[in-house]
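Here is how the chains run, residue by residue.
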Amino acid sequence: MFDIATYHRAPDIAGAIALLANNPQAKLLAGGTDVLIQLHHHNARYRHIVDINALEELRGITLTEHGGIRIGSATTFSELIDHPLVQRHLPALSAASASIAGPQIRNVATYGGNICNGATSADSATPTLIYEASLEIHSSRGVRFTPINGFHTGPGKVSLEHDELVVAFHFPAQPTSSTGSAHYKYAMRDAMDISTIGCAACCCLEGGRIRELRLAFGVAAPTPIRCQHAEQSAQNAPLTRQTLETLGEAVLQDVTPRSSWRASKAFRLHLIQTMTKKVVSEAVIAAGGEWQ
């Protein structure tokens, strides 16, 4: 039996916010893939539940009038994998979604839950960073938008007040030509395990060179991060193996991995260098580039 003291099913977004405001101990339940584990272990901090799973207002993937993409926070990973707008405009997000657990979990686990859980290993965080999404957050005080870069503030922590609800993710229009992106995850049991290291890259090419690189890593620091030194080293760089080697060295200035029972710090640093070369190489190829 789950040790649940109170359970409320929110009627709408406003109702969910009111239930959170009225109970400082309440936890949101969407897909439930994380919350149910806490309940199974009788975590006392999860005794008060506000269920938002049935809110259609939190679902859906739409193209905005400016060519961007809006994704509801309760959209499942199976929906992200299969949706043509995501496949076309945000392919690294589709790929990352396919790397999460198995089909049963992907059918119920939600995008918003994965991000708001605050874990540096969240597979959807790195593509969200490279596509520079912003979060639409509702509360009794109104609606605010905040960039994903900086939303994670520490291990298991995000910039979200107790009575705030992430309603959607907004992605700006992505370039349609000479741009490619890729995602890569290393885990001991592939999708059925938490990432040892995860990354995503987006490359914009011009004249046979990298005009812009966006590179993000998870489990390489206390939070998912953009790799500024590596990105700067790639600006206007030619598509050569030497560029990849330079990126592999530059990225070490951006990361601070630690040792754990999953992997040592030294092994993670090796993975980060190797995966940087792999994911950037794949993003360049997806952009139509050729390595010399």
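Residues numbered from 1 in each chain as written. Predicted model: local features only at pLDDT ≥ 70, side-chain atom pairs only at ≥ 80, totals over all residues. Heavy atoms only, no water.

Draft legend 1. Structural context of the overall build of the chain. When helices and strands are tallied, the chain shows 11 helices and 15 strands. In terms of principal-axis extent, the alpha carbons of the chain reach across some 60 × 45 × 35 Å. Considering only contacts within the chain whose residues lie at least 6 apart along the sequence, 61% involve residues at least 24 apart. For the chain, the exposed surface amounts to about 13,500 Å²; the carbon and sulfur share of it is 51%. Side chains of the chain give 24 positive and 25 negative charges; the mean places of these two sets differ by 6 Å. (Helix = DSSP H or I, 4+ residues; strand = E, 2+ residues; numbered from the N terminus. Contact = heavy atoms within 4.5 Å. Areas by Shrake-Rupley, 256 points an atom, 1.4 Å probe, with all protein chains shown as cover. Lys, Arg positive; Asp, Glu negative; His and termini not counted. Charge placed at Lys NZ, Arg CZ, Asp CG, Glu CD.)

Draft legend 2. Up close: the pattern of salt bridges. Taken as a whole and judged by the stated rule, the model has 13 salt bridges. With a shortest N-O distance of 3.8 Å, Glu 206 and Arg 211 are connected by a salt bridge. A residue is classified by how much of its surface remains accessible, and Arg 211, at 43% relative accessible area, is partly exposed. Linking Glu 231 and Arg 226 is a salt bridge whose minimum nitrogen-to-oxygen distance equals 2.6 Å. Three or more residues are tied together by salt bridges with common partners; here these are Arg 141, Arg 144, Asp 163 and Glu 164. (Salt bridge = Lys/Arg side-chain N within 4 Å of Asp/Glu carboxyl O. Buried < 20%, exposed > 50% of the residue type's maximum accessible area, 1.4 Å probe, protein only.)

Draft legend 3. The arrangement of the sheet that holds strand E3 (residues 48–51) in detail. Taken in spatial order, the 3 strands line up as E1-E3-E2 in an open sheet, and their pairing is parallel. On the outer flanks of this sheet lie strand E1 (6–9) and strand E2 (27–29), each paired with one strand and no other. Pairs of neighbouring strands in the sheet enclose a mean axial angle of 25°, with direction left out of account. Relative to E3, E2 is paired through 3 bridges, and the arrangement is parallel. Of the residues in E3, the one forming a bridge with Lys 27 is Ile 49. (Pairing = 2+ DSSP bridges. Axes fitted to C-alpha atoms, helices over the stretch in contact; angles between N-to-C directions.)

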